[in-house]
Amino acid sequence: MRSSSTKQVAENNRGLNGRFFTLRSRLYNALALGLRNDEGGRRWCCTDVETQRHVVRSIDAFLDCISSDTSQHPLVKESLADIVPALGTTLVQKNEAVMKLASKVFVRMISVVPSTVLESLVLDVVHPVSSSLSSCHESVVISCATALNLILSSLSSKKEKEVWKVLEETETIDNIIHHIRSSGSKPAEFFLETISLLSKILWRFPSSRFCVWNNTALMEVVASLMHEPILSVKAAVLQLYSTIALCSNGAEKILDSGNSNSLLQMMVECMDGSNPNYLQLAGFTLAECFSVSEKGRLKMVESYCEPLVKAIVNGLSLQSHSGKLTKEQMSLIKVSCCVSKIICWPGKHHMYFWKLGIESVLVKLLLDDLHIKKLTQFFLSSEDFSAMARDCLSANFLLVIKPHLWDILGGLAAHCAEDFRANMLQNEFHLNILITCACLGFVDSLRSTRQSCRNAVHEPVSRAVLLMIYSPSKYIASKAKSILSGMLKPNAKEDIKYLLNTLNASSSSSSLSSGVNTVSDNLQVINLISLACYSGLPQYRRYVIKNQGIKILLSFIQKLSSSNHVHGEGLNNTSKSLHYCDHNMKICCYYGCEEDWQGEESFLVFGLLGLAELVHHVGSVKGNNVDWFELTESEMITEVEKICINSCASGSRWYGAYLLSYFGVYGFPSKLGNRIGNVLSGDEDEHKHTNLRLILANQEHVNVHGVIVSVGCPSLLPSEGKTMGRKEIRLSAHVNHQALLKLLEYIYSGHLKAGEEVVKRLKTLAKHCNLQPLLQLLCRNRPKWRTRAPSFDLTPALGPNGSHFSDIVLEAKGNTYEGWMCETCSVSHPHLHAHKAILCASCEHMRALLCSGMQESHSESIKVDLGWEALVRLVNWFYSGKLRPKPKYGCLWHNLNEKEKLDEVIPYVELYCLSDSWLLEDLHKECSRVIGSCLDSVKMAIKIIQIGADCFQWDLVELAAKFIAPLYHHLRNSGELLQLDEQLVDIVRVASVRLTQRAHHL
C-alpha cells in the first residue's frame, strides 16, 4: 500500500501530467544556467545570447502545459515567480533577436495565465515590457504594446498607482507618442497596438491625458489616421479620441480643432448598424464622451442630428435570433442608452426620435416579445391592463438598462411640443405601455420609500413620471395623469400624509445632509418627486394644500437654502453629467455646475416645482378658511428671491423665477441686477450719465443709459442710435408709458414687479423685443427642462459695440503687457473702455471718484492700482458679478510650474487687497475662496504670507498659514521659514498648534 504521504503528493499534483514535469524540469535546468549569487540572494543574470534564447524557448515550451485548470496550482505559481524575472532580464538586454522572441513570449504568458495569478508579479512584468517600448524594432514595440494592453485590460484597481509609477519611470507615454509620430509607413498592426495602448493608459490614468491632447504634432498624425481604410485602426483612433474627451480640456481642444467636423462625421458613420459591433461600439463611446459637455452635445446635434439619431435608434434596436444578446451586443445597447440621453436636453433632435418610432424601441427593451404580445392580444380594462403590465415588468428583462430607459422616456416627455398628439406616433399603444409601466414603477417606488427600502434605482422611474405629468404636451400629460391617478387612488391620502410628515420632520431636524449620495437623501428625493406628482394631480392637490403642503414645502426649502444645497461654482467641481453616462468613465477637469438639474440641486428643483404647482392652484382652496397662506407670502418671496440670487444652478433659478411670477415678480433677481437697477431710479448723480432719450407717441419721455439698454434689449435701439452722445429715439404709438417703465426695470435689474394690467401690455412689448425668458415668465409657462437660466451680465458692453457708449477709460499699473492691443483706439498701454453708470452702481469707491466733483470726475481716464490681469477681473466683476476669466483648473493647472501657478494666483491676491480697501465684501470673499482653492505648495503659501503681511491683510496671512500648518516642524527644521520674519513664523506656529489641538479633540 502507498503511504499517506505518497497519497498526499498525488492529490496535490492532480491535473499535472508527466509532460508538465518534464517541461518544468527542462525549464529549471535552463534557468540554472543564468542564476547568480549576490548579496540579495540568487538572481537570474545572463548576457550570453544563446543561453538567453534557450531559456526563452524553455519558458515558451513550459507555457504549453498551462491551462485554466492547472494555472492555480502551487507549482505553476512557483514556476511563474522564477520565469518572470528571467524573461524580464532577457528582454531588457537589447539584443534584437532575443528581444523579439522574449516580447512574444511575454504576450503569450499574459494571454495564457489568468490575471489573478499574475497580479503579485504584475510590476515585474510591467517594468521590462514598458522599458522595451523605447526599442526601435517594430516587432518588439508591437509585442510590448500588446502585452501592456492585455495587462491594463485586467489590472486591478489596487495596483493602479504602482503600475502608473512604473509607466512614468519608464517614460512609456513619451515612447508611444514618439513611435506614433515617426511611424511613417509602418503596418496597420503597429498603429493598432500603439494607439490602443495609449487609449488604455489614458482611460485608466486621467493625469496622463494632458501630454497627449496638448501635443499638436501627435494630434495631427492621429487626425490623418481617420482616413485609414482598415476598420480596426479606425476603431482604435476613435477609442483614443474617446479617452482624450474624458478630459474637459481635451474634449474642448478636439471640438475646437479644424478637423472636428470630419471626426464627428466619421464617428456617426461608424455608429451605423452596417458596421461590425466593435466599430459601432467605438463610435458610440466617443459620442458618449462628447455628450458629457454642453459644447459636445450641441456640436453633435447641430452638425449631424438626423444621422446621429438614426444610429442611436438602430443601436437600441439590436435583436438576437436566439433570444439572448451577446456581451458585445449588450455593451452596444448600454452605450446607445447613454448617448440617447441627449434627449434629456433641449434641441431639434427630439422630433427625429419620434419619427423613428422610439416608443416601440423602448418597449422592446423594457419587455420581452412574449409579454408584449400578451398585452396586445386582448382588449383589457385599465385595471386588467395594469395588472398584466405589472406581471410583464416582473419578468426581469434587461434590468441593467431600465434606469436608462426611464431617463430617455422622461426626456422625451419633457421636450415634447405643446401640440404633440397621438397621430405623430408610429405606435400609440406602445406609448401607453410605457406610460403604464412607468406609473407602476412610480407606485412601487413610493411604496418602497414608505417601507424605507433602500433602493436608489427607483429615482429614474419616479422622475420620468414627474416629467410626463408636467410635459408641455397635453396629450402625454393627460395620459400620465389619468393612469397614475387610478393607481394611486386606494392609498392616496395615506401617501400624502406620509410625504408631508416626512418632509416636515426633515425641516425640523437639526441638519440636512449636503448631497444625494446617502441612502436617506435618495429617499428624500423620491419623496419630493412623489409630492410634486401628487400636487400635479387635480383630485389630490386639494388634499395636499389643506394639509399645509405649501407651508411644509416652504419650510423644507428654507432649510435647504440655509444648508449647502444652494451652491456656487467651484474650481474643482466635477460635472455631474456622469449621472447620465457610464459610471466607470474617469472624467476629469469638468468645472462648475453645468449639470445642475440633478444631483444635489434636485432637492431645490423638485421642491420648488411642487411648491409652484400648489401656489398656482391655491386660489381654488382659499375660500375654505386657508388663512395661513397670506401670512407666508412675503416670507416666500424673500426666500425664493434669495435662492435665485445665491444659486448659480439653472434648475433652481428657473423654478424660483417661475414661482415668483405668481406673486407679481418676473425675472431672475441677482445682486448685480439689484445694484444696476438702482441706476434707473437713482439720484441726480446717476441720471447725469444718461445719454439716450426714449420718446413715446404722447411726447412723454424717459432718459436711459444707452450702454445698459443696448445689452439688455438691443431691439429698443435702432442701429443708427447705437452711437456715443445724447440721442432721441421715438417709439411706436403702441408702446405704453407704464409698460415701458416696467420693461426698463427688467432691462436694468433682470427682474420687475408688476400687476396683471401692466403684464398684459408687457407681453406684447417683450414679444416684440424678443425677450423670450421674460415672455415665458409673464405667461407663467413652466420652465423647459434643462434649459439654461439667463444671467444678468453686462460684459458685452466691454466689447467693440459697447465702446460707442464708453465715457471713462480704466488704466492698469505698468506700461506694457505682452501681446496687448486695443480694438477701439490706438493707445498702446493696457486699458479698458468702461462706463461711469455701471462703475458707479457697482462700487461705492468708484461712485465717490466719478461723482464727487473732484479731479477724477472730470478726467477721461483713471489709473487703477492693479496689474492688467487683475484689472480685467475687477471690471468683469463690476459688469457680471463674476470673476472672469476663471483661473486655470484641472490638468491645465497641474501642468503649470511653480512660477506659472503663482502668476495665476497673484491677480486674485491683488484683488483681495484692493477689495478690502474699496469695501467690496462679496469680491473679497470670492477672491479668498479662489486663493484658498489654488494653494497647493509651500512656496506659494510663503509668498502669499509675505504679500498679505506687506498689505496688512492678516486674514490672507492666516489662510496661507493654515495651509502649511501641518508641515510647520519640518519647514522650521529645514530652514524654509527663514524667508519670513519671526512674527509671521509665529502665526504659522500658532496655526500648527491649533491644528494639533483640534486633532486631539476629535
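Below you will find a few notes about this structure. All of these numbers come straight from a predicted model, not from anything done at the bench.

Looking at the overall build of the protein
For step 1, the next point in the chain: For the protein, the helix and strand inventory stands at 51 helices and 10 strands.
For step 2, the next point in the chain: Residues counted as buried form 55% of the 1002 residues belonging to the protein.

A closer look at the pattern of salt bridges
For step 1, the next point in the chain: Considering all chains together, one arrives at 31 salt bridges under this definition.
For step 2, the next point in the chain: Here Glu756 and Arg780 are joined by a salt bridge, their closest N and O atoms 2.9 Å apart. Here the residue Glu756 occupies a position in helix H39 (residues 756-768), and Arg780 occupies one in the loop between helix H40 (772-778) and strand S8 (808-811), the gap between them amounting to 24 residues.
For step 3, the next point in the chain: Given the relative accessible area of 47%, Glu756 is considered partly exposed.

Re helix H35 (residues 671-680)
For step 1, the next point in the chain: Of all the positions in H35, only Leu672, Gly673, Ile676, Gly677 and Val679 are classed as buried. Summarising the axial view, the buried residues of H35 lie within an arc of 135°, below the 170-degree limit, and thus occupy one face.

Looking at the pairing of strand S4 (residues 692-695)
For step 1, the next point in the chain: Summarising the sheet, S4 and strand S5 (residues 701-704) pair through 4 bridges and their orientation is antiparallel. By the bridge assignment for S5, Arg693 is matched with Asn703.
For step 2, the next point in the chain: Here S4 hands over to S5 after 5 residues, with Gln699 in that stretch at a positive phi of 75°.
For step 3, the next point in the chain: The sheet contact formed by S4 and strand S6 (residues 727-730) spans 4 bridges and is parallel. What sits directly across from Ile695, in S6, is Arg730.

A look at the packing of aromatic side chains
For step 1, the next point in the chain: Tallying each qualifying case throughout the model produces 10 aromatic pairs.
For step 2, the next point in the chain: Arranged with centres 5.5 Å apart and planes meeting at 80°, the rings of Tyr534 and Tyr540 form a pair that is edge-to-face. The same class applies to Tyr534 as to Tyr540, namely buried.
For step 3, the next point in the chain: The interplanar angle of 75° and the centroid separation of 5.4 Å between the aromatic rings of Tyr658 and Tyr662 together place this pair among those described as edge-to-face. Summarising the burial analysis for this pair, Tyr658 and Tyr662 share the class buried.
For step 4, the next point in the chain: Through a chain of ring-to-ring contacts, three or more aromatic side chains come together here, namely Phe20, Phe21 and Phe62.
For step 5, the next point in the chain: Positioned above the aromatic ring of Phe190, the side-chain terminus of Lys186 is 5.4 Å from the ring centre.

Quick word on the sheet that holds S5
For step 1, the next point in the chain: Pairing in this open sheet of 3 strands is mixed, and the strands run S5-S4-S6 from one edge to the other. For this open sheet the edge positions go to S5 and S6, each flanked by a neighbour on one side alone. In this sheet, adjacent strand axes meet at a mean angle of 25° when their direction is disregarded.
For step 2, the next point in the chain: Against the sheet, helix H38 (residues 737-749) touches S4 and S5, its axis set at about 10° to S5.

Considerations on the sheet that holds strand S9 (residues 831-834)
For step 1, the next point in the chain: Ordered by their spatial adjacency, 3 strands build an open sheet running S9-S8-S10, and the pairing between neighbours is mixed. Every interior strand has two partners, whereas the edge strands, S9 and strand S10 (861-863), have only one. For this sheet the average axis-to-axis angle between neighbouring strands, irrespective of direction, equals 25°.
For step 2, the next point in the chain: As paired strands, S8 and S9 are joined by 4 bridges and run antiparallel to one another. By the bridge assignment for S9, Val809 is matched with His833.

A word on H38
For step 1, the next point in the chain: With 13 residues, H38 should cover 18 Å at 1.5 Å per step; its first-to-last C-alpha distance of 18 Å lies within 8% of that length.
For step 2, the next point in the chain: Taken as a whole, H38 has its buried residues at Ala739, Leu740, Leu743, Leu744, Tyr746, Ile747, Tyr748 and Ser749.
For step 3, the next point in the chain: Residue Asn736 occupies the N-cap position of H38, its side-chain oxygen lying 2.8 Å from the main-chain nitrogen of Gln738.
For step 4, the next point in the chain: Gly750 sits one or two positions beyond H38 and adopts a positive phi of about 85°.

Points about unusual backbone geometry
For step 1, the next point in the chain: Cis rather than trans, the peptide bond between Arg884 and Pro885 has omega equal to -5°.
For step 2, the next point in the chain: Within the secondary structure, Pro885 is located in the loop between helix H44 (868-880) and helix H45 (891-894).
For step 3, the next point in the chain: Of note in this structure, Glu171 is not a glycine but carries a positive phi near 55°.
For step 4, the next point in the chain: Residue position: Glu171 is located in the loop between helix H9 (160-169) and helix H10 (172-181).
For step 5, the next point in the chain: Residue Glu171 is classed as partly exposed on the basis of its relative accessible area of 48%.
For step 6, the next point in the chain: Phi at Gln548 is positive, roughly 65°, even though this residue is not glycine.

Observations regarding the state of the cysteines
For step 1, the next point in the chain: Throughout the structure, instances matching the rule amount to 0 disulfides.
For step 2, the next point in the chain: Cys46 takes part in no disulfide bond, and the closest cysteine sulfur, belonging to Cys45, lies 7.5 Å away.
For step 3, the next point in the chain: Left unpaired, Cys247 is separated from the closest cysteine sulfur, that of Cys891, by 3.6 Å.

Overview of the nonpolar core
For step 1, the next point in the chain: With 347 residues, the main nonpolar core has Met109 and Leu874 as its most contacted residues.
For step 2, the next point in the chain: By residue number, the principal contributor to this core is helix H25 (residues 428-450), which donates 11 residues.
For step 3, the next point in the chain: Once residues within four sequence positions are removed from consideration, Leu874 is found in contact with Val864, Leu866, Leu911, Leu914, Trp918, Leu920 and Leu923.

Comments concerning the packing of H35 against H38
For step 1, the next point in the chain: Remark: H35 packs on H38, axes separated minimally by 7 Å, with the N-to-C direction vectors making an angle of 140°. One way to sum up the angle between H35 and H38 is to call them oblique. Of the residues in H38, those touching H35 at Gly673, Asn674, Ile676, Gly677, Val679 and Leu680 are Leu741, Leu744, Glu745, Tyr748 and Ser749.
For step 2, the next point in the chain: Residue composition of the contact of H35 with H38, by class: 6 nonpolar, 4 polar and 1 charged.

Some remarks on the side chain of Ser196
For step 1, the next point in the chain: Counting through the fold element by element, Ser196 comes out in helix H11 (residues 188-204).
For step 2, the next point in the chain: Accessibility expressed as a relative area gives 12% for Ser196, which makes it buried.
For step 3, the next point in the chain: Apart from the residues lying within four places of it in its own chain, the contact partners of Ser196 are Asn149, Phe191, Ala236 and Gln239.

Conventions and cut-offs
Residues numbered from 1 in each chain as written. Predicted model: local features only at pLDDT ≥ 70, side-chain atom pairs only at ≥ 80, totals over all residues. Heavy atoms only, no water. Helix = DSSP H or I, 4+ residues; strand = E, 2+ residues; numbered from the N terminus. Buried < 20%, exposed > 50% of the residue type's maximum accessible area, 1.4 Å probe, protein only. Salt bridge = Lys/Arg side-chain N within 4 Å of Asp/Glu carboxyl O. Arc of directions from axis to C-beta. Pairing = 2+ DSSP bridges. Phe/Tyr/Trp six-rings, centres within 6.5 Å; stacked < 30°, edge-to-face > 60°. Lys NZ or Arg CZ within 6 Å of the ring centre and 35° of its normal. Axes fitted to C-alpha atoms, helices over the stretch in contact; angles between N-to-C directions. Contact = heavy atoms within 4.5 Å. Expected span 1.5 Å × (residues − 1). Polar contact = N/O pair within 3.5 Å; in protein donor to acceptor, adjacent residues only side chain to side chain. Disulfide = S-S within 2.5 Å. Core = buried A, V, L, I, M, F, W, Y, C linked by side-chain atoms within 4.5 Å. Parallel < 35°, antiparallel > 145°, perpendicular 65-115°, else oblique. Nonpolar A, V, L, I, M, F, W, Y, C, P; charged D, E, K, R; others polar.

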